[in-house]
Structure formats: structure tokens, C-alpha cells
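Each chain, written out:
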Amino acid sequence: MKKLTLLIFLLLAACTMPKVSSPPTPTQTLTAVPTPTASPAPSATPSPTLTPTATPTITPSPTPVLLFQGPGEVVCPILLYHRIDIPPFPNEYYVRPDNFRAQMEALRAWGYTPIPISLLVKAIKEGAFLPARPVVISFDDGDISVFTNAFPIMQEFGFTGINYLVGNRLKADGYMNAEQVQSLAAAGWEVGSHSMSHTDLTQTSFLWDEIVDSRTRLERELGLPVETFAYPFGVENDSAMRTVSTNYVAAVGLGAFLSQRPSNLYYLWRRPVDYGCDLETFGKYLPWNAPP
């Protein structure tokens with residue numbers, strides 16, 4: 001009986017005890033992850049436009065007034081240079097590039113127009129239209145400095161000259177080669193012979209080799225006409241001048257005279273310009289040393 005009573009009591013207690021529920025799982029409020037706004041790409045600063053450096057424009061010489069001169073006497077100085085370079089010590093055959101430039105500037109300021117020697121010869125022999133103040137600019141020996149230093153300076157002024165080349169020095173160390181001489185010729189320069197070996201023509205028995213063969217060799221190797229001759233050291237005699245006169249149209253020597261005539265067609269006067277020549281002295285070499 002006691003067991004039955006205890007059983008009933010346990011059943012009633014189980015029915016009346018509150019139920020214990022599992023703790024609720026907290027509700028997770030999911031906050032939407034904001035879509036990241038892409039940062040605008042930084043605008044690239046454009047590189048500055050590079051303007052190419054313009055090649056310096058060479059101002060051409062004004063077109064000279066042409067006057068018919070000759071036949072006969074023509075006033076035309078011929079200048080003679082050898083090396084346009086800085087010598088290791090003062091040397092009469094050198095002219096410094098800065099002095100050479102100053103002399104070319106003076107020629108321009110004084111109204112000179114360089115002409116080919118072939119045009120001067122034509123004027124003497126048969127007459128030709130020449131600028132009012134003509135000048136011939138000549139270079140002896142074919143030194144490399146004529147190509148590297150004199151040529152670019154003269155190009156700035158629109159000037160041309162003539163190279164008197166020694167036949168056996170073409171391609172020699174320190175002298176111009178055929179391609180360089182041809183470049184000058186393409187720019188309007190002329191070529192003449194200065195003998196085969198630069199020997200004193202009054203002291204050699206090989207006049208034909210020195211005078212005639214030098215022309216043949218230069219024309220063959222350069223592919224250019226060689227029509228005038230320059231006496232080495234300005235020295236000549238009857239035999240040399242006779243050989244020259246039968247193989248060339250004219251020749252040049254040395255001298256301070258400014259008038260070129262038929263009587264000295266085979267010894268046209270040239271004035272050497274040396275190392276110590278300042279502008280005052282240079283002006284005295286010329287018939288006109290003031291602006292026109």
C-alpha cells in the first residue's frame with residue numbers, strides 16, 4: 001500500500017513541475033556587407049609633349065647684284081688657307097677656328113660673295129656676271145681640318161671654296177679621303193691639283209708626274225674635274241709653267257695683288273692668311289673692308 005501511495009505521489013509531482021526548455025538560440029541579425037565603392041582610378045597626368053629641337057636654319061646670303069665683268073682685268077682677291085685648327089704652338093700655316101669664323105663674318109658684313117675659281121677664270125677670259133664684291137677662298141694640301149672645321153663654318157654663311165689637293169696625300173693620315181672631298185664638291189666646292197708630292201717644281205726632273213699625273217690620279221679617284229693648279233710654295237719656272245699651261249685652264253701662286261688679268265692667268269695672285277692675322281690685318285688684304 002505504501003508503495004502504491006509513493007508511486008502516485010511521484011506521478012503527480014512530475015505532472016505539476018514546470019518544463020525546462022532549452023535556451024533560445026539568439027536570432028542573428030545579418031547586416032549586409034556594403035559593396036565597396038571602387039575608388040576612381042587616379043587620372044594620369046599626361047606627359048608633356050616634347051617639341052623636337054629644330055635644326056638651326058641657315059640664313060642664306062642675300063642674292064648679290066650681278067655685274068658683267070671682263071674679259072680682261074677683274075678685281076677679285078683670292079685668299080689662301082692651309083689648316084683651320086688650334087696648333088700645338090703658333091704656326092703660320094694654322095688659323096684658329098674662332099678666328100676663321102670671325103673672318104668669314106667680316107666677309108659677309110663687308111658684302112663679299114665667294115665664287116668658284118672657274119667663274120673667275122671665265123670672267124678673265126671671256127667675261128661673266130659676277131657679284132659686285134667677289135672673293136675666292138682656297139685651301140692647300142687637303143688637311144682634314146678643312147672638312148671638320150672650315151666646312152661647317154662656311155656652310156653657316158652659305159660660302160664655298162676650292163681644295164688644292166696633293167695627289168699622294170689623298171687618304172693619308174691627317175688628310176681628307178675621297179668621300180670627304182666628294183661631300184664638299186656636292187656642296188658646291190671645286191677641286192684643283194697641288195702636285196703629286198708637294199715638291200719644289202724648280203728642283204725636280206719629274207714635272208710630268210708632279211703636274212700631269214697628279215691631275216689624272218685625282219680625277220680617277222674622286223670622279224671630279226680638276227682644271228686648275230696650285231704651285232707648291234708658290235714656286236715656278238718656265239718649264240713648270242709651260243707644263244701647267246698645256247694641261248690646265250689656269251693656275252694660282254702667291255702675291256698681294258688684287259687684280260687678276262689674262263697676263264697672269266697661270267699665276268693668279270693669292271694672299272695667304274696666317275696664324276697671327278687679326279681682323280684689322282685681314283681687312284688690309286681686301287679691296288673693300290667696309291659694308292657696301
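Calculation criteria
- Residues numbered from 1 in each chain as written.
- Predicted model: local features only at pLDDT ≥ 70, side-chain atom pairs only at ≥ 80, totals over all residues.
- Heavy atoms only, no water.
- Helix = DSSP H or I, 4+ residues; strand = E, 2+ residues; numbered from the N terminus.
- Buried < 20%, exposed > 50% of the residue type's maximum accessible area, 1.4 Å probe, protein only.
- Contact = heavy atoms within 4.5 Å.
- Phe/Tyr/Trp six-rings, centres within 6.5 Å; stacked < 30°, edge-to-face > 60°.
- Axes fitted to C-alpha atoms, helices over the stretch in contact; angles between N-to-C directions.
- Parallel < 35°, antiparallel > 145°, perpendicular 65-115°, else oblique.
- Left-handed = near helix turned anticlockwise from the far one by under 90°.
- Nonpolar A, V, L, I, M, F, W, Y, C, P; charged D, E, K, R; others polar.
- Lys, Arg positive; Asp, Glu negative; His and termini not counted.
- Salt bridge = Lys/Arg side-chain N within 4 Å of Asp/Glu carboxyl O.
- Polar contact = N/O pair within 3.5 Å; in protein donor to acceptor, adjacent residues only side chain to side chain.

1. With respect to the overall build of the protein
Phase 1 of the analysis: Along the protein, the regular secondary structure elements total 8 helices and 14 strands.
Phase 2 of the analysis: Counting all 292 residues of the protein, 39% fall into the buried class.
Phase 3 of the analysis: Look at the contacts in the protein between residues 6 or more apart in sequence, and 70% of them connect residues 24 or more apart.

2. A closer look at the packing of aromatic side chains
The relation between two aromatic rings is expressed through the spacing of the ring centres and the mutual angle of the planes.
Phase 1 of the analysis: The tally for this structure, following the rule as stated, stands at 15 aromatic pairs.
Phase 2 of the analysis: Ring centres of W110 and F282 lie 6.4 Å apart, and the angle between their planes is 25 degrees; this geometry places the pair in the stacked category. One end of the pair, W110, is in the loop between α2 (97–109) and β6 (113–114); the other, F282, is in helix α8 (residues 279–284), and 172 residues separate them in sequence. Take W110 and F282: they sit in the same class, and that class is buried.

3. Regarding unusual backbone geometry
Phase 1 of the analysis: Here the residue pair G70 and P71 is connected by a cis peptide bond, since its omega of -5 degrees sits within 30 degrees of zero.
Phase 2 of the analysis: As for its placement among the helices and strands, P71 is situated in the loop between β1 (66–69) and β2 (74–75).
Phase 3 of the analysis: Notably, K171 is not glycine yet its phi reads approximately 85 degrees, a positive angle.
Phase 4 of the analysis: With respect to the helices, strands and loops of the structure, K171 is situated in the loop between β9 (162–165) and α5 (178–186).
Phase 5 of the analysis: Of the residues examined, K171 reaches a relative accessible area of 59% and is grouped as exposed.
Phase 6 of the analysis: Of note, S195 is a non-glycine position whose phi angle comes to about 85 degrees, a positive value.
Phase 7 of the analysis: Classification of S195 by relative accessible area gives buried; the value is 0%.

4. Topic: the packing of helix α6 (residues 207–222) against helix α7 (residues 238–245)
Phase 1 of the analysis: Where α6 contacts α7, the axes come no closer than 10 Å and their chain directions differ by 25 degrees. As summarised for this structure, α6 and α7 are arranged roughly parallel, according to the angle between their axes. Seen along the crossing, α6 lies across α7 with a hand that is right-handed. Along its contact with α6, which presents L207, I211 and V212, the element α7 presents S239, A240, T243 and V244.
Phase 2 of the analysis: Classifying every residue of the contact of α6 with α7 by side-chain character gives 5 nonpolar, 2 polar and no charged.

5. Some remarks on the side chain of H194
Phase 1 of the analysis: Structurally, H194 is set in the loop between β10 (190–193) and α6.
Phase 2 of the analysis: Overall, H194 belongs to the buried group, its relative accessible area being 1%.

6. Notes on the side chain of R133
Phase 1 of the analysis: Relative to the helices and strands, R133 resides in the loop between β7 (128–131) and β8 (134–141).
Phase 2 of the analysis: Buried within the structure, R133 lacks any salt-bridge partner; its nearest side chain of opposite charge belongs to E73, at an N-O separation of 16 Å.
Phase 3 of the analysis: A distance of 2.6 Å separates a polar side-chain atom of R133 from the backbone oxygen of W110.
Phase 4 of the analysis: Those residues in contact with R133 that lie beyond four places of it in its chain are W110, G111, Y112, T113, W288, A290, P291 and P292.

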